[in-house]
Amino acid sequence: DGGITQSPKYLFRKEGQNVTLSCEQNLNHDAMYWYRQDPGQGLRLIYYSQIVNDFQKGDIAEGYSVSREKKESFPLTVTSAQKNPTAFYLCASSKGQGAGTGELFFGEGSRLTVL
Amino acid sequence: AQSVTQPDIHITVSEGASLELRCNYSYGATPYLFWYVQSPGQGLQLLLKYFSGDTLVQGIKGFEAEFKRSQSSFNLRKPSVHWSDAAEYFCAVGATGGYNKLIFGAGTRLAVHP
């Protein structure tokens, strides 16, 4: 079945550690996105990538980094510079390069907790 | 700037009752509008979308939404709610013109009483 796979589903981190969240898609979609979800705040865009080897900052990119070396993969690193990393992280993809005009397909999310 | 407001944080309805979730948006041009649903601990799933044409759009799971330009609204409705509809619902507006993203509302959490 085609879809988006995020791993791990749950992750615990000590303060000062970097962690990487995996996102893989087999939908052959060009664009991929990372969103952060906090209670009562909806989804906020961290980074997005419209094509391999290119990515753009979203609204809350500080403290995060990404790479897009393969079309299928868009990993997110939460660095120690992120002041409040405890959240639910969602990866998504879309067929075209315009999320504003197309449907997003979401993974099941990764919940990061900083101890 | 584009924005989406969902005025109701929580809504509780009885099973079998009708449902209307409110969504208001702020956008300069004709918007692309979406409703997504999220079950606990899961990703989001698209319920329906409006791009142009008929202002009443049908979606999956028996949901529909009506675009009202004069009110800048895109309310989601369902005639008879099922217990399995309990979830969080997000309205979103597509930002076009080269700015490639969806802007989400804060969400409305729906509880369904038996």
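Residues numbered from 1 in each chain as written. Chains lettered and ligands numbered in written order. Predicted model: local features only at pLDDT ≥ 70, side-chain atom pairs only at ≥ 80, totals over all residues. Heavy atoms only, no water.

## A word on the layout of surface pockets
Turning to step 1, where the next piece is worked out: If you add up the space inside the largest pocket, you get close to 400 Å³.
Turning to step 2, where the next piece is worked out: Lining the largest pocket are 24 residues, with Q37, D38 and P39 of chain A together with E88 and R109 of chain B positioned closest to its centre.
Turning to step 3, where the next piece is worked out: Contributions of two or more residues to the lining of the largest pocket are made by strand 9 (87-94) and strand 11 (110-114) of chain A together with strand 10 (87-95) of chain B.
Turning to step 4, where the next piece is worked out: Among the elements that line the lining of the largest pocket, the one with the most residues is strand 11 of chain A, at three residues.
Turning to step 5, where the next piece is worked out: The residue inventory of the lining of the largest pocket, partitioned by class, reads eight nonpolar, twelve polar and four charged.
Turning to step 6, where the next piece is worked out: Lining the second largest pocket are 19 residues; nearest its centre among them are F106 and G107 of chain A together with G43, L44 and Q45 of chain B.
Turning to step 7, where the next piece is worked out: For the lining of the second largest pocket, the secondary structure elements donating two or more residues are strand 10 (105-106) of chain A together with strand 5 (32-38) and strand 6 (44-50) of chain B.
Turning to step 8, where the next piece is worked out: Top contributing element to the lining of the second largest pocket by residue count: strand 6 of chain B, with three residues. (1 Å grid on protein atoms, 1.4 Å probe; cavity = no way out; pocket = protein on both sides within 12 Å on 5 of 7 lines; lining within 4 Å. Points joined across faces, edges and corners; volume = space filled by probe spheres on them. Helix = DSSP H or I, 4+ residues; strand = E, 2+ residues; numbered from the N terminus. Nonpolar A, V, L, I, M, F, W, Y, C, P; charged D, E, K, R; others polar.)

## So, the side chain of Q82 of chain A
Residue and element names in this part refer to chain A.
Turning to step 1, where the next piece is worked out: Note on placement: Q82 falls in the loop between strand 8 (76-78) and strand 9.
Turning to step 2, where the next piece is worked out: The exposure class of Q82 is buried, given its relative accessible area of 12%.
Turning to step 3, where the next piece is worked out: In terms of polar contacts, Q82 uses its side chain to reach the backbone carbonyl oxygen of E62, at 2.9 Å.
Turning to step 4, where the next piece is worked out: Those residues within four positions of Q82 in sequence are excluded, and the remaining contacts are R13, R36, E62, G63 and Y64. (Buried < 20%, exposed > 50% of the residue type's maximum accessible area, 1.4 Å probe, protein only. Polar contact = N/O pair within 3.5 Å; in protein donor to acceptor, adjacent residues only side chain to side chain. Contact = heavy atoms within 4.5 Å.)

## Let's talk about the packing of aromatic side chains
Turning to step 1, where the next piece is worked out: Per the stated rule, a full pass over the model turns up 15 aromatic pairs over all chains.
Turning to step 2, where the next piece is worked out: Ring plane angle 85° and centroid distance 5.5 Å describe the contact between Y35 of chain A and F104 of chain B, whose orientation is recorded as edge-to-face. Pair noted here: Y35 of chain A is in strand 4 (residues 31-37) and F104 of chain B is in strand 11 (residues 101-104), and the two residues belong to different chains. There is no split in this pair, since Y35 of chain A and F104 of chain B are both buried.
Turning to step 3, where the next piece is worked out: Grouping aromatic residues by their ring pairs yields a cluster made of Y35 and F106 of chain A together with Y32, F34, Y36, F51 and F104 of chain B. (Phe/Tyr/Trp six-rings, centres within 6.5 Å; stacked < 30°, edge-to-face > 60°.)

## Some remarks on the state of the cysteines
Turning to step 1, where the next piece is worked out: Considering all chains together, one arrives at two disulfides over all chains under this definition.
Turning to step 2, where the next piece is worked out: Sulfur-sulfur distance for the disulfide between C23 of chain A and C91 of chain A comes to 1.9 Å. In this structure, the disulfide formed by C23 of chain A and C91 of chain A twists by about -75° around the S-S bond and is classed as left-handed. Residue C23 of chain A is located in strand 3 (residues 19-25), and its partner C91 of chain A is located in strand 9; the two are separated by 68 residues in the primary sequence.
Turning to step 3, where the next piece is worked out: Owing to a relative accessible area of 0%, C91 of chain A belongs among the buried residues under this scheme.
Turning to step 4, where the next piece is worked out: Between C23 of chain B and C91 of chain B runs a disulfide, and the two sulfur atoms are separated by 2.0 Å. Sign of the S-S torsion, about -65° for the bond between C23 of chain B and C91 of chain B, identifies this disulfide as left-handed. Linking C23 of chain B in the loop between strand 3 (19-21) and strand 4 (24-26) with C91 of chain B in strand 10, this pair joins segments that are 68 residues apart in sequence. This pair shows no difference in class: C23 of chain B is buried, exactly as C91 of chain B is. (Disulfide = S-S within 2.5 Å.)

## Comments concerning the nonpolar core
Turning to step 1, where the next piece is worked out: If you look at the biggest cluster of nonpolar residues, it comprises 29 residues, and the most contacted ones within it are L19, W35, L47, L48, F74, L76 and Y89 of chain B.
Turning to step 2, where the next piece is worked out: When residues of this core are traced back to their parent elements, those giving at least two are strand 2 (10-14), strand 3, strand 5, strand 6, strand 8 (64-68), strand 9 (73-78), strand 10 and strand 12 (108-113) of chain B.
Turning to step 3, where the next piece is worked out: Ranked by the residues each element gives to this core, the list is headed by strand 10 of chain B, at five residues.
Turning to step 4, where the next piece is worked out: If near-sequence neighbours (up to four positions away) are discounted, Y89 of chain B is found in contact with Q6, L21, W35, Y36, V37, L47, F63, L76, G107, T108 and L110 of chain B.
Turning to step 5, where the next piece is worked out: In this structure, L21, I46, V78 and C91 of chain A belong to the second largest nonpolar core, which totals 20 residues. (Core = buried A, V, L, I, M, F, W, Y, C linked by side-chain atoms within 4.5 Å.)

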